[in-house]
Amino acid sequence: NAGVMQNPRHLVRRRGQEARLRCSPMKGHSHVYWYRQLPEEGLKFMVYLQKENIIDESGMPKERFSAEFPKEGPSILRIQQVVRGDSAAYFCASSPNQGFNEQYFGPGTRLTVT
Amino acid sequence: GIQVEQSPPDLILQEGANSTLRCNFSDSVNNLQWFHQNPWGQLINLFYIPSGTKQNGRLSATTVATERYSLLYISSSQTTDSGVYFCAVEPNSGNTGKLIFGQGTTLQVKP
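One structure accompanies this document, and this report is about it. A quick note: this is a predicted structure, and the numbers were derived from the prediction, not measured.

The rules we used
Residues numbered from 1 in each chain as written. Chains lettered and ligands numbered in written order. Predicted model: local features only at pLDDT ≥ 70, side-chain atom pairs only at ≥ 80, totals over all residues. Heavy atoms only, no water. Pairing = 2+ DSSP bridges. Helix = DSSP H or I, 4+ residues; strand = E, 2+ residues; numbered from the N terminus. Axes fitted to C-alpha atoms, helices over the stretch in contact; angles between N-to-C directions. Phe/Tyr/Trp six-rings, centres within 6.5 Å; stacked < 30°, edge-to-face > 60°. Buried < 20%, exposed > 50% of the residue type's maximum accessible area, 1.4 Å probe, protein only. Lys NZ or Arg CZ within 6 Å of the ring centre and 35° of its normal. Contact = heavy atoms within 4.5 Å. Buried area = accessible area lost by both parts, 1.4 Å probe. Salt bridge = Lys/Arg side-chain N within 4 Å of Asp/Glu carboxyl O. Polar contact = N/O pair within 3.5 Å; in protein donor to acceptor, adjacent residues only side chain to side chain. Nonpolar A, V, L, I, M, F, W, Y, C, P; charged D, E, K, R; others polar.

## Details of the sheet that holds strand β1 (residues 4-7) of chain B
Residues and elements named next belong to chain B.
Reasoning step 1: Pairing is antiparallel in the open sheet, where five strands are placed in the order β1-β3-β8-β7-β6. Of all strands in the sheet, those bounded by a partner on one side alone are β1 and β6 (52-56). On average, each strand axis in the sheet is tilted by 15° relative to the strand beside it, whichever way the strands run.
Reasoning step 2: Where β6 lies against strand β7 (residues 59-64), five bridges are found, and the strand directions are antiparallel.

Put into structure tokens, the structure is as follows:
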């Protein structure tokens, strides 16, 4: 049973470019969470999605960030016009149901903005 | 919102020693998980333990939900145990399933 898959594992972008991070949940899981780990900081919740729905985006920056989880295909976290402060590790997690369930994390995508 | 505090922030052990890591949380929770972030940055699930006690090899964990704390025990530590240990909780209020992480305990095990 494959775990949560994230790609790319490492991504380098110049300031002003767009970054697209992909997450494929575990088989049978329909709930996806994105978290961000800034350097020297803990992990912070960003957004929670089910298929075709954003359930909670209370942790997402108001501008430049968006997320989707289409009916088919992986979940995508999109960062437009990246700045150096976006450099971080972005983790995706999945669970079979909402709440009261163990979340399983992917290996993360390390974004570096130059 | 809920506060999650981990102690100690840093811990240095000699190989073979035992240790206890603590996680306090300020409100009731639906879910509590312990993770190990290894030196390569990967998050490894250790325990899903909203209450009770579980053991997995040299590691065990206990959560006392009524008193709002959880403990992670590491026995006979090995150098491969080095890394950061995170506690994360799902608050009872709101019920969206999102996890709130503590700041972590950085463990260094010396040979």
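## Notes on the packing of aromatic side chains
Centre distance and the angle of the planes are the two values used to describe a pair of aromatic rings.
Reasoning step 1: In total, this model carries eight aromatic pairs over all chains according to the counting rule given.
Reasoning step 2: Between the aromatic rings of Tyr35(A) and Phe105(A), the centroid separation amounts to 5.3 Å while the plane-to-plane angle is 40°, which identifies the pairing as tilted. Of this pair, Tyr35(A) sits in strand β4 (residues 31-37) while Phe105(A) sits in strand β10 (residues 104-105), and the two are 70 residues apart along the sequence. With respect to burial, Tyr35(A) and Phe105(A) carry one shared label: buried.
Reasoning step 3: Aromatic pair Phe105(A) and Phe35(B): ring centres 5.1 Å apart, planes at 75°, arrangement edge-to-face. Of the two residues, Phe105(A) sits in strand β10 while Phe35(B) sits in strand β4 (residues 29-37), which places them in two different chains.
Reasoning step 4: Using a relative accessible area of 9% as the deciding quantity, one classes Phe105(A) as buried.
Reasoning step 5: Among the aromatic residues, those joined into a cluster by ring pairs are Tyr35(A), Phe45(A), Phe105(A), Phe35(B), Phe86(B) and Phe101(B).
Reasoning step 6: Here Arg22(B) stacks its cationic end above the ring of Tyr69(B), 4.2 Å away from the centre of that ring.

## Considerations on the interface of chain B and chain A
Reasoning step 1: The interface is formed by 20 residues belonging to chain B together with 22 residues belonging to chain A.
Reasoning step 2: Counting the surface chain B buries against chain A, the share from its top three residues, Leu43(B), Thr96(B) and Lys98(B), is 26%.
Reasoning step 3: For the pair chain B and chain A, the number of links is one salt bridge.
Reasoning step 4: The residue Lys98(B) makes a salt bridge to Asp56(A) at a minimum N-O spacing of 3.7 Å.
Reasoning step 5: Counting across the chain B and chain A interface gives nine residue pairs in polar contact (both at pLDDT 80 or more).
Reasoning step 6: Going through the elements one at a time, β4, β5 (43-48) and β9 (83-91) of chain B are the ones with two or more residues in the side of chain B that touches chain A.
Reasoning step 7: For the side of chain B that touches chain A, a count of residues per class yields seven nonpolar, 11 polar and two charged.

## Description of the pairing of strand β8 (residues 69-74) of chain B
Residue and element names in this part refer to chain B.
Reasoning step 1: Counting buried positions along β8 yields five of six residues, so the element is predominantly enclosed.
Reasoning step 2: Judged from the six bridges that link them, strand β3 (residues 19-25) and β8 form a sheet pairing that is antiparallel. By the bridge assignment, Thr20 is partnered in β8 with Tyr73.
Reasoning step 3: Bridge count for β7 against β8 is six bridges, and the pairing is antiparallel. Across the sheet, Ser60 pairs through a bridge with Tyr73, a residue of β8.
Reasoning step 4: Following β7, the chain reverses through four residues before pairing antiparallel with β8; Arg68 in that reversal takes a positive phi of roughly 60°.

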